[in-house]
Structure formats: C-alpha cells, structure tokens
Amino acid sequence: MVAYTPGQWDMADDATRQQFFDDHHAFERFVDEHGRRIDSAALSDAELATTIRRDEAGEPVVTDGPFAELAEQVGGYYDVDLPDLDTAIAAAKLLPHQYTVEIRPTVKVDGYESV
Amino acid sequence: MPQGHEEALATVVREEWGRLTSLLLVHFRRLDLVEDALGDAVEAAARRWPTDGVPDNPAGWLHTTARRRILDRLRAEAMAQRKAPLLLVDHEHTQSTATDGIRADPGDLVEDDLLRLVLMCAHPALDLAAASALSLRLVLGVTTPDIARLFLVSEPTMAARITRAKKKIVAAGIPFAVPSADVLPQRLDTVAHTAYLAFTAGYAPGSGPDAVRIALAGEAIRLVRVVLGARPDEPVLVALLALMLLQHSRRDARVDDEGAIVLLPDQDRSRWHHDEVDEAVRLLRSPSLSGPVTIQTAAYAVQARIAAEHATAPTADATDWARVVGHYDDLLALSPTPSARLARAVAVAEAQGPEAGLAALDGLDDELPLSHRLPAVRAELLTRAGDTQGAHAAYDLAIQRCDNDAERALLTQRRDALT
C-alpha cells in the first residue's frame with residue numbers, strides 16, 4: 001500500500017511526473033523479474049472518499065471523507081507475489097521517494113470460499 | 001563419565017545452540033517447533049545424561065533428540081491435517097537439504113547459517129526490543145525467564161513478545177537468508193543495534209546491583225562475538241564490541257557494597273577488568289575501522305574512544321580531558337543529540353573550568369525539559385564555580401525530576417553536603 005501527501009501529484013511539473021512514471025516502471029520490472037504482479041490501482045484523492053460505518057444502533061452511517069484524517073492518505077496499492085519480505089522491501093525502495101510504503105502479507109481466511 | 005554432565009550440557013548449550021537452531025530451521029523450516037524441540041532436548045539431556053553418561057557427541061545427541069521431537073509433532077499434525085506456515089529459506093538451501101535429506105552432523109554447518117539466523121532475528125521489520133530478545137533466545141539459547149529478567153518485564157510478557165516476533169517472521173515472510181551486498185551493511189547495523197539494546201538493558205538504572213542482570217549484559221557481548229565469528233572484521237561489530245567491553249570492564253566498580261552508584265572519578269580502578277580494556281583498545285586500532293564506515297559504526301567507535309580515554313587513564317586526575325572534548329566534538333558531528341551535548345559540557349568543564357562547562361550547557365534546557373541530568377550537571381558545575389545558592393536550586397530541580405531511587409539518593413546527598 002502506498003501513502004502519499006495529497007496534492008503532490010497535482011502540483012508536480014512534467015519532469016516530476018515523468019520521474020513518478022519511471023520509478024513505477026522500475027518497480028514493475030523488478031517485480032516481474034523476482035515474482036509476479038497480480039493487481040494494482042491508483043486511488044483518487046481522499047477528498048473524494050466516502051466512508052460507511054455503523055453507529056451504536058448498528059445502522060450504517062454514510063459520511064464524507066476517508067477513515068481517518070491524516071497528513072498522508074492511501075494513494076494506491078500493488079498486489080504482488082514476491083518470494084520474501086527482503087525482496088518486497090527492495091521493490092518498495094524503487095517506488096517514488098514521495099511515497100511511504102506499507103507492506104502487508106495477504107491472507108487466506110480459513111473456511112471462506114469466494115462465490 | 002557421569003560427573004560433569006551439568007557442565008557438559010551447559011557448554012553444549014552455550015557453544016552450539018545457535019548452530020543447532022540454524023540446522024533444524026534449514027531442515028524443517030518450522031520456527032514454532034524448533035525452539036520448543038531444542039528446549040525439550042535440553043530437558044531430556046538433564047534427565048538422562050546423569051545415568052546414561054555424557055554422549056561422545058553432545059551436540060549430535062541434542063540434535064537427534066530435537067529432530068525426533070519435531071518429527072513426532074509433524075506426524076501428529078499430519079494426522080490432524082493441520083498445515084502450519086513454513087519459514088522462507090533461500091533456494092540453494094531448500095534444494096541442498098532436499099537432496100542430502102539430512103545433514104546429521106552439526107559440524108557440517110557453515111558459519112553462514114548462523115549469520116542467516118542472526119539476520120533473521122534482528123530484522124528491521126521486527127520491533128527492536130523483540131528482535132533483541134529473540135536473538136538472545138534463538139542464537140545464544142538464553143532462557144525466556146532470564147531474558148524477561150534482563151529487560152525487566154514479567155516472564156509471560158516476554159514469552160508473548162518472543163512468540164509474536166516468531167509469528168511475524170513466518171507470516172510477513174522474513175527470510176532465513178543473507179541479503180544482497182548493498183543492504184547487508186544496514187542489516188548488520190540493525191544486528192549491532194539489537195545487541196547493544198540487550199547490553200544497555202543489563203545496565204538500566206534503577207535495577208540495583210543485580211549481578212545476574214550484569215551477567216546477562218555479558219551475553220550481549222557474546223552475541224556480538226558470535227556474529228563476528230561469522231563476519232570477521234565487520235566494522236560495526238568491531239566498534240560495538242570495543243564499546244561494550246569498555247563499559248562492561250567497569251561492572252565491579254560501578255556500585256558499592258550497599259548498592260549505591262559510584263561515579264566514574266570515584267571508582268576503584270583496580271576493580272576494572274583491564275584485560276577487557278586492553279582488548280577494546282586493540283579493537284579500536286583495527287584496520288577495519290580506518291576505512292569508510294556507516295554513521296552508526298563511527299558513532300560506536302567514537303563513544304568507545306571516549307570510554308577508552310577514561311579506561312586507560314591511571315587515575316581520574318590523569319584523564320586527558322582535551323582529547324575527550326575532541327572526541328565529543330566528533331560525536332556531535334555524527335549525531336548531535338542533547339545527551340551527547342550534555343556529556344561534552346561535562347568534559348569541557350574538566351578541560352577548561354566550570355564556567356566554560358556552564359556556557360556549554362546553554363540552550364540545552366529547551367531540548368531536555370524533563371531531564372534530571374541537566375540540572376544535576378549544572379548543580380555540580382555551579383558548586384565548583386562557588387555559586388552555592390544556584391547549586392542548591394539546581395539540585396532541588398534535579399531531585400524533583402529524578403525517578404530513580406539510587407540516583408536520587410546520590411543527588412540528595414550532594415545537595416545536603418553544600419555549605
């Protein structure tokens with residue numbers, strides 16, 4: 001998962017945007033070399049986020065905004081298959097330096113079968 | 001020979017634990033089972049060796065017993081159709097163990113496996129204190145109750161911390177591997193940091209004159225020696241070992257018979273371990289420290305050089321304070337922490353007089369608003385400068401902020417001695 005400070009992309013000039021693209025390409029090539037890419041997406045700014053949580057009575061409440069108001073927001077994710085955490089860390093280091101990257105294993109939930 | 005079985009067992013645990021752990025991990029890749037199985041094997045040895053005699057190959061005996069224990073557990077799991085997650089071991093390893101089946105003799109193990117174990121335990125993705133505890137447990141075989149005692153937490157808390165770290169290693173995919181050369185220096189910095197954390201825990205203030213905890217701090221030194229065995233001349237380990245040896249060499253002079261803290265100038269220097277000082281001084285001359293090193297290595301080395309100035313001065317008065325100040329200047333250039341500035345001010349006062357020392361304290365109050373050490377140092381320097389009233393007020397503040405009984409007693413005694 002990639003976190004970044006909102007507005008960075010909008011304010012970036014062409015050269016900076018090209019650097020973002022180059023870094024993502026380097027990341028993707030590294031992943032292809034050491035494992036495989038499963039999925040990825042870039043997310044819109046958190047100002048377009050809508051949050052649904054339950055109130056005390058268990059009723060869904062829809063509000064404007066993300067889970068939590070933080071300086072950094074989740075900006076996108078890559079689902080990749082890599083051999084170990086060290087390889088994942090090496091891959092994450094290739095992403096644009098503006099990002100904070102959180103690595104988490106995906107898990108298979110016992111007993112759950114998708115329909 | 002029935003006599004000596006306790007020593008034989010203690011020796012094999014001490015010398016071979018990390019290698020046995022590595023060997024079993026490479027073969028079975030089950031971090032959860034290996035530690036328990038080795039613990040069980042040691043218990044079995046304690047029961048059987050007194051009657052059966054010490055086996056010719058004690059390490060081999062422990063390995064075989066632990067291996068059987070793991071196989072039993074795996075069979076039970078197979079029956080229950082449980083599948084536990086496996087540790088990630090790099091390819092050449094899984095392949096080599098798949099082909100040789102089993103490497104029966106721990107003597108076959110290359111030092112690299114021990115390094116893999118150390119790097120896995122001290123991975124930066126683990127909480128530092130947990131990594132430190134895990135290293136003592138898996139590399140050195142220090143028992144969980146002893147580790148709990150070292151870090152001043154309860155045994156269940158420490159057991160939970162170690163279990164959580166082992167779970168994260170497997171679930172997050174921390175590999176049993178040596179990383180690529182470009183990240184290895186940083187990873188060895190983390191290894192050094194985890195070892196130093198265990199070491200300083202043994203000397204944590206407030207814990208009193210606990211000989212066992214100081215002995216456990218000595219285990220952190222052994223951890224560094226073990227890793228140095230696998231990475232000879234590694235700069236960060238050379239510098240850290242020197243620093244630890246110099247601090248550890250004063251262990252018998254740090255507290256008096258009543259358990260009160262004895263400050264450096266008042267310590268009985270004949271009670272310092274001069275063999276350890278000599279070794280540290282030799283380490284500091286090592287060519288591995290003269291090349292380009294990481295900031296952490298340089299910081300350990302300069303702290304060791306400061307400690308060495310004290311350790312090699314025949315008396316407190318003979319300390320070369322100008323050189324000590326020079327070393328502190330180097331340290332501040334590397335890492336300008338408030339505590340280093342405070343220590344430098346003390347050295348400046350010794351080299352150039354209390355007024356210069358007081359001037360060197362300027363600006364530190366904002367950075368150390370809660371520290372009792374800053375007003376304690378100021379009080380001492382004001383005393384020497386003849387400002388008794390100012391010294392009294394500074395001692396009051398230091399005593400009010402200090403939450404350590406032994407240190408507070410010392411401060412109160414100094415304040416009450418003012419005339």
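Residues numbered from 1 in each chain as written. Chains lettered and ligands numbered in written order. Predicted model: local features only at pLDDT ≥ 70, side-chain atom pairs only at ≥ 80, totals over all residues. Heavy atoms only, no water.

*Asks:* Any details on the overall build of chain A? Residues and values, ideally.
*Replies:* Secondary structure assignment for chain A yields three helices and six strands. Here chain A has a C-alpha radius of gyration of 17 Å; the compact-globule value for 115 residues is 13 Å, and the former is much larger. Sequence separation of 24 or more characterises 69% of the internal contacts of chain A that already satisfy a separation of 6 or more. As displayed, chain A offers around 8400 Å² of accessible surface, 54% of which is attributable to carbon and sulfur atoms. Averaged over its 9 positive side-chain charges, chain A has a centre that lies 5 Å from the centre of its 24 negative ones. (Helix = DSSP H or I, 4+ residues; strand = E, 2+ residues; numbered from the N terminus. Rg over C-alpha atoms; globule rule 2.2 N^0.38 Å. Contact = heavy atoms within 4.5 Å. Areas by Shrake-Rupley, 256 points an atom, 1.4 Å probe, with all protein chains shown as cover. Lys, Arg positive; Asp, Glu negative; His and termini not counted. Charge placed at Lys NZ, Arg CZ, Asp CG, Glu CD.)

*Asks:* So what's going on with the packing of aromatic side chains? Residues and values would help.
*Replies:* Scanning the model with the defined rule gives nine aromatic pairs over all chains in all. Between Tyr-4 of chain A and Tyr-99 of chain A, the ring centres sit 6.5 Å apart and the planes meet at 65 degrees, which makes this aromatic pair edge-to-face. Linking Tyr-4 of chain A in strand β1 (residues 2-4) with Tyr-99 of chain A in the loop between α3 (85-92) and β6 (100-101), this pair joins segments that are 95 residues apart in sequence. With a relative accessible area of 12%, Tyr-4 of chain A lands in the buried category. Between Tyr-196 of chain B and Tyr-300 of chain B the ring centres are 5.6 Å apart and the planes differ by 75 degrees, which places this aromatic pair in the edge-to-face class. Of this pair, Tyr-196 of chain B sits in helix α9 (residues 184-202) while Tyr-300 of chain B is found in helix α13 (residues 295-312), placing the two residues 104 residues apart along the sequence. For the residue pair Tyr-196 of chain B and Tyr-300 of chain B, the accessibility class agrees, reading buried in each case. Residue placement shows Arg-250 of chain B over the ring face of Trp-272 of chain B; its charged tip is 5.9 Å from the ring centre. (Phe/Tyr/Trp six-rings, centres within 6.5 Å; stacked < 30°, edge-to-face > 60°. Buried < 20%, exposed > 50% of the residue type's maximum accessible area, 1.4 Å probe, protein only. Lys NZ or Arg CZ within 6 Å of the ring centre and 35° of its normal.)

*Asks:* Explain the interface of chain B and chain A to me, and be specific about the residues and the numbers.
*Replies:* Chain B puts twelve residues into the contact, and the matching count from chain A is seven residues. Between chain B and chain A, a total of about 620 Å² is buried, with carbon and sulfur atoms accounting for 58% of that surface. There are three residue pairs in polar contact (both at pLDDT 80 or more) connecting chain B and chain A. At the level of secondary structure, the elements contributing two or more residues to the side of chain B that touches chain A comprise α8 (155-172) and α9 of chain B. Across the side of chain B that touches chain A, the residue classes break down as eight nonpolar, three polar and one charged. (Buried area = accessible area lost by both parts, 1.4 Å probe. Polar contact = N/O pair within 3.5 Å; in protein donor to acceptor, adjacent residues only side chain to side chain. Nonpolar A, V, L, I, M, F, W, Y, C, P; charged D, E, K, R; others polar.)

*Asks:* Requested: an account of the domain arrangement of chain B, with residues and values cited.
*Replies:* Along its sequence, chain B is carved into domain 1 (1-101), domain 2 (110-231) and domain 3 (368-419). A C-alpha centroid distance of 55 Å is found between domain 1 of chain B and domain 3 of chain B. (Domains from an automatic or database assignment.)

*Asks:* Go over the packing of helix α18 (residues 373-384) of chain B against helix α19 (residues 388-401) of chain B with me, naming the residues and quoting the values.
*Replies:* Residues and elements named next belong to chain B. Two elements in contact, α18 and α19, have axes whose closest approach is 8 Å; the angle formed by their N-to-C orientations is 160 degrees. Classified by the interaxial angle, the pair formed by α18 and α19 is roughly antiparallel. α18 and α19 meet at a crossing whose hand is left-handed. Touching Pro-375, Ala-376, Arg-378, Ala-379, Glu-380, Leu-382 and Thr-383 of α18 are Gly-390, Ala-391, Ala-394, Tyr-395, Leu-397, Ala-398 and Arg-401, all from α19. (Axes fitted to C-alpha atoms, helices over the stretch in contact; angles between N-to-C directions. Parallel < 35°, antiparallel > 145°, perpendicular 65-115°, else oblique. Left-handed = near helix turned anticlockwise from the far one by under 90°.)

*Asks:* Just give me the short version of the environment of Glu-155 of chain B, but keep the residues and values in it.
*Replies:* Residue and element names in this part refer to chain B. Counting through the fold element by element, Glu-155 comes out in helix α8. Residue class for Glu-155 comes out partly exposed when judged on its relative accessible area of 45%. Distance from Glu-155 to Pro-145, taken between C-alpha atoms, is 5.4 Å for residues ten residues apart in sequence. Discounting chain neighbours no more than four positions away, the residues touching Glu-155 are Thr-144, Pro-145 and Ala-148.

*Asks:* Explain the packing of helix α11 (residues 235-248) of chain B against α13 of chain B to me, and be specific about the residues and the numbers.
*Replies:* All names here are of chain B. Contact geometry of α11 with α13 gives a least axis separation of 8 Å together with a crossing angle of 30 degrees. On the basis of the axis angle, α11 is roughly parallel to α13. Handedness of the α11/α13 crossing: left-handed. From α11, Pro-235, Val-236, Ala-239, Leu-240, Ala-242, Leu-243 and Leu-246 reach across to α13, where they touch Thr-297, Tyr-300, Ala-301, Gln-303, Ala-304, Ala-307, Ala-308 and Ala-311. Here the residues of the contact of α11 with α13 are counted per class, giving 13 nonpolar, two polar and no charged.

*Asks:* Please set out the sheet that holds β6 of chain A residue by residue, giving values where relevant.
*Replies:* Residue and element names in this part refer to chain A. One open sheet accounts for four strands, arranged β2-β5-β1-β6; its pairing is antiparallel. Looking at the sheet topology across the chains shown, the edges are occupied by β2 (36-42) and β6. The pairing of β1 with strand β5 (residues 73-81) spans three bridges and is classified as antiparallel. Along β5, the bridge assignment pairs Tyr-4 with Gln-73. Those strands touched by helix α2 (residues 14-34) are β2 and β5, and its axis lies near 25 degrees from that of β5. (Pairing = 2+ DSSP bridges.)

*Asks:* Explain the nonpolar core to me, using residue names and the numbers behind them.
*Replies:* All names here are of chain B. Counting 101 residues, the largest nonpolar core has Trp-49, Leu-62, Leu-117, Met-120, Phe-151, Met-244 and Leu-246 as the members making the most contacts within it. Per-element tally for this core: the top contributor is α11, with eleven residues. Built from parts of two domains, this core gets at least three residues from each of domain 1 (1-101) and domain 2 (110-231). Setting aside residues no more than four positions away along its own chain, Trp-49 makes contact with His-5, Ala-8, Leu-9, Val-12, Val-54, Pro-55, Pro-58, Trp-61 and Leu-62. Counting 22 residues, the second largest nonpolar core, distinct from the first, contains Leu-368, Val-377, Ile-399 and Leu-418. (Core = buried A, V, L, I, M, F, W, Y, C linked by side-chain atoms within 4.5 Å.)

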